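Architecture at a glance
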There are 2 protein chains.
Amino acid sequence: MTAYWCERAWLGPGEVTAGVIVTIEGSRITGVTTSEVVPDGAFRLAGLTIPGFANCHSHAFHRALRGRTQRETGSFWTWRETMYAAAERLDPDTYYSLALATYQEMVLAGYTAVGEFHYLHHNPDGTPYDDPNAMGLALIAAATAAGIRITLLDTCYLSAGFGAAPEGVQRRFSDGDAASWAERVANFATGQPAKDEHVRIGAAIHSVRAVPRPDLSTVAKALPDAPVHIHLSEQVAENDACMQRHGLTPTQLLAEEGVLDARLSAVHATHLSASDRAALGAAHAYACFCPTTERDLADGVGPAAELLGDGAHLTLGSDSHAVIDPFEEMRAVELDARLATQQRGHLRAADLLIAGTSAGHASLGFDDAGRIAVGCWADLLTIDDQSPRTAGTGAGEETVVFAAATGDIRHVVAGGRRVDLDPAGVGGRLGRAIAGLEAW
Amino acid sequence: MTAYWCERAWLGPGEVTAGVIVTIEGSRITGVTTSEVVPDGAFRLAGLTIPGFANCHSHAFHRALRGRTQRETGSFWTWRETMYAAAERLDPDTYYSLALATYQEMVLAGYTAVGEFHYLHHNPDGTPYDDPNAMGLALIAAATAAGIRITLLDTCYLSAGFGAAPEGVQRRFSDGDAASWAERVANFATGQPAKDEHVRIGAAIHSVRAVPRPDLSTVAKALPDAPVHIHLSEQVAENDACMQRHGLTPTQLLAEEGVLDARLSAVHATHLSASDRAALGAAHAYACFCPTTERDLADGVGPAAELLGDGAHLTLGSDSHAVIDPFEEMRAVELDARLATQQRGHLRAADLLIAGTSAGHASLGFDDAGRIAVGCWADLLTIDDQSPRTAGTGAGEETVVFAAATGDIRHVVAGGRRVDLDPAGVGGRLGRAIAGLEAW
C-alpha cells in the first residue's frame, strides 16, 4: 500500500478539498480520506491534485509532423503530403520507437490513458505482416513501456473516398473488405496482449468516406462491448459528399445503420445540424473534440455546449499532436466557442475538467478511471497552483482549466506507479525517432 | 564585455545559424560572429537563441483577474465587474507590488520590453495624488526592478462612452480635460524617471469612445516623437456607436483628425473594413493583436495577414494577461485565422517572429531592439529545442512559433543582464499581491 497526502485535491465538480489522503494498492485507489496533517510514511503532493487526463484521439505517428507542415505559409496539402510521407516510412520497429517517445511526452503532460486511432496496419504494398497485428502490437508495447493505458482503436479503412480504391500509402490502411478487418480484429481482441488490464481493444470506422454503408454495422458489431470511434463531420466537404451519396448527413447515416449508441465517440463533430446534435445527445454518445488540431487543420469550431445540453458527453484528444497539452485542449473548447460566437460563457470549468478526465476515460472503456474515488484507477496529477502562471488564480477548477500549463505539473501517478521520466531523455528519444524516418 | 556562444541563433527571416558568438557591453550588442567552438570565457547557450519578445499591450493590474472571471460559465459582465473591483483597490504601493510580480512573470516568459497602457491615474474619487504621476511612477519602478524595459503609454480617458461622464472607478482614469492630461504627461515625459534608457513615455488614446473628437489630435501631438497607442475596433458595438456619432469608422475618424501615422499602434484592430485596413497599411501603422485576450473576451478574429499585405506592421500583446506566453500569442494569430476562414496558411512563422520581436519593440519606441545585431539592445532568449515539446520539429522558426512553450525557456538576457529569477519566488509574490487586494 502507498499513501499520498494531497495538499488540495479535486474530488468532483465544485469540490476542491484540502488535505486529502489517497491510499493505493496495485493500480487502484483503496481509500480517500481527509487529514490536516501528513500521515507518517505518506508522500506529500504539494499543490492541487486532479485525476489523470484521457487523450481520447491520437494518431501517434503524427508527432513527426510537428513544426514541419507550415513550409512558407503551409496549406492543407502541405500537411497531407507530410503526413503521408511519415506514414510511408514506418515499420513495427520504428513505429514502436516513435510511439514510445510520443506516449512518454503524453505522460509528462498528464495523460494517463490514450485512445490510439490506429489504421497503419500493413506493409507499404498492402500485404499483411507475418503477424497481421504487428503494428498494433508495437503501439501496445510502446504504451506499456511508457506507463500509459491504451485503448487500441483498430480502424477499418476500405476506400479513399466514397467508392474510391485506396492508393499509394493508403494501401497500408486497408484490409480489403470488412470481413477480413473483423477477422483480424477478433484475433487481436482475444489474444494475450489484450488480457493486460492496461489494454483495451476497440473498433473504429475511419469515416463515412472510408467504410461503405453496408459495412458500418459490421465494424460496430465486431466487438460488441467495446468502444466504437469515428471521425465525424470534421469538414463541410465530408458532409456534402455524404449527402450527395446517401441523401443523409454522416450522423443520420450512422443512426440508420444502427451505429449511433452510447458506445460511440464522434471525433471532431464540428459541422453538425441541430438534428445531428439532438441524435448524438439522445444516444448519450461521446463527442470527442480535438481543438488544437482543429485549429491547426482549419476545421472550424464545433458546438460543444450545445452537444452537452442535448445529452452527449464531451471528451478531448490531441489527435495530430500539434501540441500535447491537456490544459490547452480544455480551455480551447471554451475560448474557440467565444471566438466563433463573439460571446463569453459557454461551458463551466468543471464541464471541461470532466471532459478531460472521467468522461474521457469512460469513452475509452475505462469507466472506473478519471475520478479520485475508491475503486478507481490510481491516476493522480499534481499541479503547482502557486507558480508564476497559476499563483493568485484561486487554486480551483478555473486555475486548472484557464491558468495552468504542462510546465506546472509536479507529479504524475499513472495506474498506481509514480512517473519518474527525465524530460531530456524523452526529448532525445523523440529527436532520434523522427530523425530516423529519413528524407524529412 | 560579456560573450555568449549560441548553439543556434535566429538572425532574421530564414536565418537560423549554428555557432553564433554574441558580445555585449553594457546594455548593447557589440559583436555578432560565428564559431564552431565555444571561445574561452564565453557563456554557452545550448538550444536556439532568439531576440527577446516585446509585450506591446499590457494592463498590469488585469493579472489579478486570471482564473476569476469565469464564475459558472462567466459573461462579459462577470469580466468587467471583476476588472473594476481590482481597479478600485489599488494604490501606488499595492500597484507596485502587483506590477513587479507581473513584470517578473513576463521576464520569465521571455518578454524584455512592455508597453503599459496606463489609465489608472488618480485617487478613487478622481483627485490627483500628491505627485499626479504616482501610479505611473510605481509602474516604471516595478519594471525597473523586474529588469524589463517599459514604454509607459500614458492614456487619456475623458468619457465612459460617446459623451458619457466617467462614473465610479472610472473617475480614477480621467484628468477632466485633454489639456490637463497633456500638462501632466508633459511633466512626466521630461522628468527624471523618463531619462533612464530603459524607459520611454508614450501617449495613448483609450478609445474613440473615451476621448472626444476635438481632443484626439491634442493627445497625439502631446509627445511629438513618441509612440501613440489606441484600442481600435475591438468590438462591433464600438464601430456602430462611432458610425452613429460621427458617420465614420474609428479608423476613418483617426485619419480625419490626423492621428493615423507611422507612430500609431491600433490595438486589437479586429473589426475593420477593407478601407480601414488600407488606411492603416498606407500609414505603415502598427496593428497590435492580443489573441489570447481576444479569445478570452470573445472579440473575434482580426485580419492579420490582410493588414500585413496592406503595409501595416503586426505586433503582439498579452493585454489582460489571461495567459502570459509569447509563443501562444504568435501561433494564435495564425491558428485563429484558420478557424475563422477554414483554411490553413495565412502567415509565415517568420512573420510571426518579427511581430513578436523587432516590429513589437519598434512600436514601443525601441527601434534598436528585437534583433541579434550590432548596436541593438542585448536581449537574448534561449529555447530548448530538444525538449519533449520541441524535439524533432526541425529547430527552426516553426519550432519557436508552433512547438515551443514558456516551459522551454532556458536562459533570458534582458538589456545585457542575465536574468536569474526564482519562479517560486515570483509565484509567491504574485499570490501575496493579489491576496492583498482583499474581498476577492
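Look above for the structure.
Report follows, based on the coordinates.

Definitions and cut-offs
- Residues numbered from 1 in each chain as written.
- Chains lettered and ligands numbered in written order.
- Predicted model: local features only at pLDDT ≥ 70, side-chain atom pairs only at ≥ 80, totals over all residues.
- Heavy atoms only, no water.
- Helix = DSSP H or I, 4+ residues; strand = E, 2+ residues; numbered from the N terminus.
- Rg over C-alpha atoms; globule rule 2.2 N^0.38 Å.
- Buried < 20%, exposed > 50% of the residue type's maximum accessible area, 1.4 Å probe, protein only.
- Areas by Shrake-Rupley, 256 points an atom, 1.4 Å probe, with all protein chains shown as cover.
- Pairing = 2+ DSSP bridges.
- Contact = heavy atoms within 4.5 Å.
- Buried area = accessible area lost by both parts, 1.4 Å probe.
- Salt bridge = Lys/Arg side-chain N within 4 Å of Asp/Glu carboxyl O.
- Polar contact = N/O pair within 3.5 Å; in protein donor to acceptor, adjacent residues only side chain to side chain.
- Nonpolar A, V, L, I, M, F, W, Y, C, P; charged D, E, K, R; others polar.
- Expected span 1.5 Å × (residues − 1).
- Arc of directions from axis to C-beta.
- Axes fitted to C-alpha atoms, helices over the stretch in contact; angles between N-to-C directions.
- Left-handed = near helix turned anticlockwise from the far one by under 90°.

Turning our eyes to something else, we now look at the overall build of chain A. When helices and strands are tallied, chain A shows 15 helices and 15 strands. A compact globule built from 440 residues should have a C-alpha radius of gyration of about 22 Å, and chain A, at 21 Å, falls within 12% of that. For chain A, the spread of C-alpha atoms along the principal axes amounts to about 65 × 45 × 45 Å. Buried residues in chain A amount to 63% of all 440 residues. A total of about 14400 Å² of accessible surface is found on chain A, and carbon and sulfur atoms cover 50% of it.

Let's shift gears to the pairing of strand E1 (residues 2-10) of chain B. Residues and elements named next belong to chain B. Counting buried positions over the nine residues of E1 gives seven, a clear majority of the element. The sheet contact formed by E1 and strand E2 (residues 16-25) spans eight bridges and is antiparallel. Bridge pairing in E2 links Arg-8 to Ala-18. The turn linking E1 back onto E2 is made up of five residues, and Gly-12 within it adopts a positive phi angle of 150 degrees. When E1 meets strand E4 (residues 43-51), the two strands line up parallel, connected through five bridges. From the neighbouring strand, Ala-9 faces E4, where its bridge partner is Thr-49.

Take the interface of chain A and chain B next. Contacts between the two partners involve 63 residues from chain A, matched on the other side by 62 residues from chain B. Summing the contributions of chain A and of chain B, the shared interface buries around 4600 Å²; its carbon and sulfur component is 52%. On the chain A side of the interface with chain B, the three residues burying the most area are Leu-339, Arg-344 and Pro-388 of chain A, jointly 18% of the side's total. Here chain A and chain B share six salt bridges between them. A salt bridge links Arg-338 of chain B to Asp-296 of chain A; the nearest nitrogen and oxygen atoms lie 2.5 Å apart. Counting every contact that joins chain A to chain B gives 26 residue pairs in polar contact (both at pLDDT 80 or more). For the side of chain A that touches chain B, the secondary structure elements donating two or more residues are helix H1 (76-89), helix H2 (92-108), helix H9 (291-296), helix H11 (326-341), helix H14 (397-403) and helix H15 (423-435) of chain A. Per-element accounting of the side of chain A that touches chain B gives the leading share, seven residues, to H15 of chain A. Its residues placed into classes, the side of chain A that touches chain B shows 22 nonpolar, 23 polar and 18 charged.

A few words now on H2 of chain A. Residue and element names in this part refer to chain A. When the terminal C-alpha atoms of H2 are compared, their 24 Å separation across 17 residues agrees well with the 24 Å that a helix rising 1.5 Å per residue should span. The element H2 is extensively covered by neighbouring structure, given that 12 of its 17 residues are classed as buried. Taken together, the buried positions of H2 are Pro-92, Tyr-95, Leu-98, Ala-99, Leu-100, Ala-101, Thr-102, Tyr-103, Gln-104, Glu-105, Met-106 and Val-107. Looking at the buried side of H2, the elements it contacts are strand E5 (53-58), strand E6 (111-118), helix H3 (134-146), strand E7 (149-156), strand E14 (409-414) and H15. The distance from a side-chain oxygen at the start of H2 to the backbone nitrogen of Asp-93 is 2.9 Å, and the residue carrying that oxygen is Asp-91. Following H2 by one or two positions, Gly-110 has its phi on the positive side, about 100 degrees.

Okay, the side chain of Ser-363 of chain B next. Residues and elements named next belong to chain B. Examined against the element boundaries, Ser-363 turns out to sit in helix H13 (residues 358-363). You can call Ser-363 buried: its relative accessible area is 1%. Residues contacting Ser-363, with those up to four places away along its chain left out, are Cys-56, Pro-227, His-229, Ser-265, Tyr-286 and Thr-315.

Let's shift gears to the pattern of salt bridges. Enumeration according to the criterion identifies 49 salt bridges over all chains in this entry. Among the salt bridges present, the one from Arg-213 of chain A reaches Glu-256 of chain A, with a minimum N-O distance of 3.9 Å. Residue Arg-213 of chain A is found in the loop between strand E8 (199-205) and helix H5 (216-222), and its partner Glu-256 of chain A is found in helix H7 (residues 250-256); the two are separated by 43 residues along the sequence. A relative accessible area of 54% places Glu-256 of chain A in the exposed class. Notably, a salt bridge pairs Arg-213 of chain A with Glu-257 of chain A, separated by 2.8 Å at the nearest N-O pair. Of this pair, Arg-213 of chain A sits in the loop between E8 and H5 while Glu-257 of chain A sits in the loop between H7 and strand E10 (264-268), placing them 44 residues apart in sequence. Overlapping salt bridges bring together Arg-295, Glu-328, Arg-331 and Asp-336 of chain A together with Arg-295, Glu-328, Arg-331 and Asp-336 of chain B as one network.

The subject of this paragraph is helix H6 (residues 236-246) of chain A. All names here are of chain A. Within the sequence span of H6, burial applies to Glu-238, Asn-239 and Cys-242. The buried residues of H6 occupy an angular sector of 100 degrees when projected down its axis, which confines them to one face. Of the exposed residues in H6, the ones pointing more than 90 degrees away from its buried face are Ala-237 and Gln-244. Its buried side turned inward, H6 meets strand E9 (228-232) and H7. Of the residues flanking the end of H6, it is Gly-247, one or two places downstream, whose phi is positive at about 65 degrees.

Before going further, it helps to examine the sheet that holds strand E7 (residues 149-156) of chain B. Paired through backbone hydrogen bonds, the strands of a sheet run either parallel or antiparallel to each other. Residue and element names in this part refer to chain B. Here eight strands make up an open sheet; going across it, the order is E5-E6-E7-E8-E9-E10-E11-E12 and the pairing parallel. The sheet is open, and its two edges are formed by strand E5 (53-58) and strand E12 (313-316), each paired on a single side. Adjacent strand axes in the sheet meet at a mean angle of 25 degrees when their direction is disregarded. Relative to strand E6 (residues 111-118), E5 runs parallel, the two being bridged by four bridges. Bridge pairing in E6 links Ser-58 to Glu-116. Strands in contact with helix H12 (residues 349-356) are E5 and E12; relative to E12, the strand with the most contacts, it is inclined by about 65 degrees.

A few words now on the side chain of Arg-344 of chain A. Within the secondary structure, Arg-344 of chain A is located in the loop between H11 and helix H12 (349-356). Polar contacts involving the side chain of Arg-344 of chain A include one to the main-chain carbonyl oxygen of Thr-69 of chain B, which spans 2.8 Å. Residues in contact with Arg-344 of chain A, not counting those within four places in the same chain, are Glu-334 and Arg-338 of chain A together with Thr-69, Gly-74, Ser-75, Phe-76, Trp-79, Asp-296, Leu-297 and Ala-298 of chain B.

Residue and element names in this part refer to chain B. The sheet built from seven strands is open, its strands ordered E3-E2-E1-E4-E13-E14-E15 with mixed pairing. This sheet does not close on itself; its edge strands, each paired only once, are strand E3 (28-34) and strand E15 (417-418). As paired strands, strand E13 (residues 380-383) and strand E14 (residues 409-414) are joined by four bridges and run antiparallel to one another. Bridge pairing in E14 links Leu-381 to Val-412.

Residue and element names in this part refer to chain A. Packing of H2 against H3 brings their axes to within 8 Å, and their N-to-C directions diverge by 35 degrees. Both H2 and H3 take part in a crossing whose hand is right-handed. On H3, the residues that touch Pro-92, Tyr-95, Tyr-96, Ala-99, Leu-100, Tyr-103, Gln-104 and Val-107 of H2 are Ala-134, Met-135, Ala-138, Leu-139, Ala-141, Ala-142, Ala-143, Ala-145 and Ala-146.

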